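# Notes for the structure review
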Amino acid sequence: DVADGIVTKLIRRHPHVFGDTQVADSGEVLRNWEEIKRGEKANAARTSALDGVPAALPSLMLAMAISKRAVDVGFEWESFEDVWAKLHEEIAEVRQAIDSGDSEQITSEVGDLLFAVVQVARWMKVEPEDALRAMVRRFGGRFRHMERAAQARGTALAQLNASELDVLWEDAKRSRA
């Protein structure tokens with residue numbers, strides 16, 4: 001029954017593959033797919049383009065999904081330069097919030113900044129979750145390299161000053177740790 005339901009849904013949602021529907025490009029495929037989904041009984045109660053995005057997604061994935069839904073209904077910047085300007089605007093607003101000392105405002109502005117970074121990723125066709133996960137792996141490798149280097153010197157990272165730590169960090173980057 002489960003398999004039959006999945007097959008039925010696949011056939012219904014892909015008339016360009018399993019039927020006679022002709023499409024000009026992948027954009028038209030996606031528009032048709034969204035229209036078919038909107039007409040399905042499970043989606044009939046949705047009143048917003050954002051309805052149905054699982055709230056339990058990891059934050060970066062949720063931000064990307066919400067962003068894509070907004071774009072699907074035309075809420076989009078005209079150019080990447082507009083997105084880039086928004087990112088820099090958000091950076092300035094984080095700085096202002098920090099200067100104000102208001103922790104709620106800082107939290108709000110950091111959230112706005114992260115959402116703007118997701119927009120940059122979307123425009124560049126980068127999955128932000130994957131990009132951040134890869135960066136954390138790189139950071140971990142570099143940090144462990146620094147710990148080993150400090151240990152080889154007979155010391156711990158906590159005993160080093162900022163410039164010594166920076167030297168170890170740059171060495172770790174050069175070693176591709």
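### Regarding the packing of helix α4 (residues 59–72) against helix α7 (residues 128–152)
Look at α4 against α7: their axes get within 8 Å of each other, and the N-to-C directions meet at 155 degrees. Considering their axes alone, α4 and α7 lie roughly antiparallel with respect to each other. Along this stretch, α4 crosses α7, giving a crossing that reads as right-handed. For the pair α4 and α7, the contacting residues are L60, M61 and M64 in the first and P128, E129 and L132 in the second. Grouping the constituent residues of the contact of α4 with α7 by class yields five nonpolar, no polar and one charged.

### Some thoughts on a nonpolar patch on the surface
A grouping of V2, I6, V7, L10, I11, V17 and F18 is seen on the molecular surface, where their side chains present a nonpolar patch of about 660 Å² in accessible area. Mapped by element, the contributors of at least two residues to the nonpolar patch are α1 (2–13) and α2 (15–18). Turning to its location among the elements, I11 is positioned in helix α1. Judged by its relative accessible area of 42%, I11 falls in the partly exposed class.

### Regarding helix α5 (residues 80–100)
Between the first and last C-alpha of α5 there are 30 Å, a value that for 21 residues agrees with the 30 Å anticipated at 1.5 Å per step. Considered for burial, the residues of α5 that qualify are V83, L87, E90, V94 and A97. Taken around the axis of α5, the buried residues stretch over an arc of 85 degrees, which confines them to a single face. Exposed side of α5, more than 90 degrees from the buried face: E81, R95, Q96 and D99 are the residues found there. The positive-phi residue at the C-terminal boundary of α5 is G101, with phi of around 80 degrees.

### Examining the side chain of Q119
Following the sequence through the fold, Q119 ends up in helix α6 (residues 103–123). By relative accessible area, which is 3% here, Q119 ends up buried. Setting aside chain neighbours within four positions, we find Q119 in contact with S67, W77 and V83.

### A word on the side chain of R122
Within the element layout of this structure, R122 appears in helix α6. With a relative accessible area of 13%, R122 lands in the buried category. Ignoring any residue separated from it by four or fewer positions in sequence, one finds R122 in contact with M64, S67, K68, V71, E76 and W77.

### Description of unusual backbone geometry
Positive phi, normally seen in glycine, also occurs at K125, with a value near 60 degrees. Checked against the element boundaries, K125 lands in the loop between α6 and α7.

### Focus: the environment of Q159
Within the fold, Q159 resides in the loop between α7 and α8 (162–174). Between the C-alpha atoms of Q159 and E93, which are 66 residues apart in sequence, the distance is 35 Å. Separated by 2.5 Å, the side chains of Q159 and T155 make a polar contact.

### Describing the packing of α5 against α6
Direction vectors running N to C along α5 and α6 enclose 165 degrees, while the axes themselves pass 9 Å from each other. Taken together, the axes of α5 and α6 lie roughly antiparallel to each other. Classified by chirality, the crossing of α6 by α5 is left-handed. Touching F80, V83, W84, L87, E90, I91, E93, V94, A97, I98 and S100 of α5 are Q105, I106, E109, V110, D112, L113, A116, V117, Q119, V120 and W123, all from α6. By residue class, the composition of the contact of α5 with α6 is 15 nonpolar, three polar and four charged.

Cut-offs applied
- Residue positions are counted from 1 within each chain, in the order its sequence is given.
- Where local features are concerned, this predicted model is filtered to residues with pLDDT of at least 70; where side-chain atom pairs are given and counted, the filter is 80 or more; whole-chain, interface and lining totals use all residues.
- Working from all heavy atoms in the structure, the side-chain values ignore hydrogens and water.
- A fitted line through C-alpha atoms serves as each axis, taken over the contacting stretch for helices, and the angle formed by two N-to-C directions is quoted from 0 to 180°.
- Helical segments are the DSSP runs of H or I of at least four residues, strand segments are the runs of E of at least two, and each set is numbered from the N terminus.
- The labels follow the angle: roughly parallel below 35 degrees, roughly antiparallel above 145, roughly perpendicular from 65 to 115, and oblique for the rest.
- Crossings are assigned a handedness: left-handed for a near helix turned anticlockwise from the far helix by less than a right angle, right-handed for a clockwise turn.
- Contact definition: two residues touch when any of their heavy atoms are within 4.5 Å.
- Under the scheme applied, nonpolar residues are Ala, Val, Leu, Ile, Met, Phe, Trp, Tyr, Cys and Pro; charged residues are Asp, Glu, Lys and Arg; polar residues are all the others, including Gly.
- Patch building starts from residues that exceed 30% relative accessible area and form no salt bridge, then joins like charges within 9 Å and nonpolar side chains (Val, Leu, Ile, Met, Phe, Trp, Tyr) within 5 Å.
- Under the convention used here, a 1.4 Å probe and the Shrake-Rupley method define accessible areas, while residue burial counts only the protein chains that appear.
- For this analysis, a salt bridge means a side-chain nitrogen from Lys or Arg found within 4 Å of a carboxyl oxygen belonging to Asp or Glu.
- Residue burial is assigned from relative accessible area. The probe radius is 1.4 Å, only protein chains are included, and a residue is buried under 20% of its type maximum, exposed over 50%, and partly exposed in between.
- Here, expected helix span is obtained from the residue count minus one, scaled by 1.5 Å.
- Arc definition: it is the arc formed by the directions from the helix axis to the C-beta atoms.
- The term polar contact refers here to a pair of N or O atoms within 3.5 Å; inside protein, the definition further demands a hydrogen-donor-capable atom paired with an acceptor-capable atom, and it admits residues adjacent in sequence only when both atoms are side-chain atoms.

In short, the description is geometric, and any link to function would need to be established separately.
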